[in-house]
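What follows is each chain in one-letter form.
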Amino acid sequence: SVSAALSAVWCVADGFIGTPDVYGLPGLLSTALVTDGGARTAALAIGFTGFITTAANRVAETNCLGKMSSAEASVILATEPLWAALFAALILHDDFGLNDYVGGALIVCACLATSLKPEAFGSLPGFEPAVDAER
């Protein structure tokens, strides 16, 4: 909420401080939307990003994650960068480097490790099971 408030202040002040800019809030609300195709495109992109990909996504994600177990939700949220990379590769033909593969493998290993019981790590060197405070 702090970043949203600061962004709103910046957006309002941008066109009023110094030289008025077409891409500042006052310029977008004036005739620039009607006369300048670039300003119209920028305004539509800002609106789409703000309302669809941010607000609508957050509402849908919160509703859906509230209907599943915390373990499933944590795996979905932890693998979100993997899904983003996969769609970037499929849709945008993005290339992966060694760091991308190593990072993806670490994310998958972390998801698998969280699904294991603590006893499964007993054979690892330096691992000591936690002592229950209730005993």
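My aim in this report is to walk through the structure given alongside it, one point at a time. For clarity, every value in this text was computed on a predicted model and none was experimentally measured.

## Some thoughts on the side chain of Glu61
So, point 1. Within the secondary structure, Glu61 is located in helix 4 (residues 37-65).
So, point 2. Filtering out sequence-adjacent residues up to four positions away, Glu61 remains in contact with Leu77 and Glu80.

## Quick look at the pattern of salt bridges
So, point 1. Inspection of every chain in the model, using the stated rule, returns 1 salt bridge.
So, point 2. Where Arg58 meets Glu61, a salt bridge forms, and the shortest distance between an N and an O atom there is 3.9 Å. Here Arg58 pairs with Glu61, and both are found in helix 4, just 3 residues apart, close to one helical turn.
So, point 3. Classification of Glu61 by relative accessible area gives buried; the value is 17%.

## Here's the deal with unusual backbone geometry
So, point 1. Phi angles above zero are rare outside glycine, and His93 is one such case at about 55°.
So, point 2. Its location among the elements puts His93 in the loop between helix 6 (80-91) and helix 7 (98-115).
So, point 3. We classify His93 as exposed; its relative accessible area is 62%.

Calculation rules
- Residues numbered from 1 in each chain as written.
- Predicted model: local features only at pLDDT ≥ 70, side-chain atom pairs only at ≥ 80, totals over all residues.
- Heavy atoms only, no water.
- Helix = DSSP H or I, 4+ residues; strand = E, 2+ residues; numbered from the N terminus.
- Contact = heavy atoms within 4.5 Å.
- Salt bridge = Lys/Arg side-chain N within 4 Å of Asp/Glu carboxyl O.
- Buried < 20%, exposed > 50% of the residue type's maximum accessible area, 1.4 Å probe, protein only.

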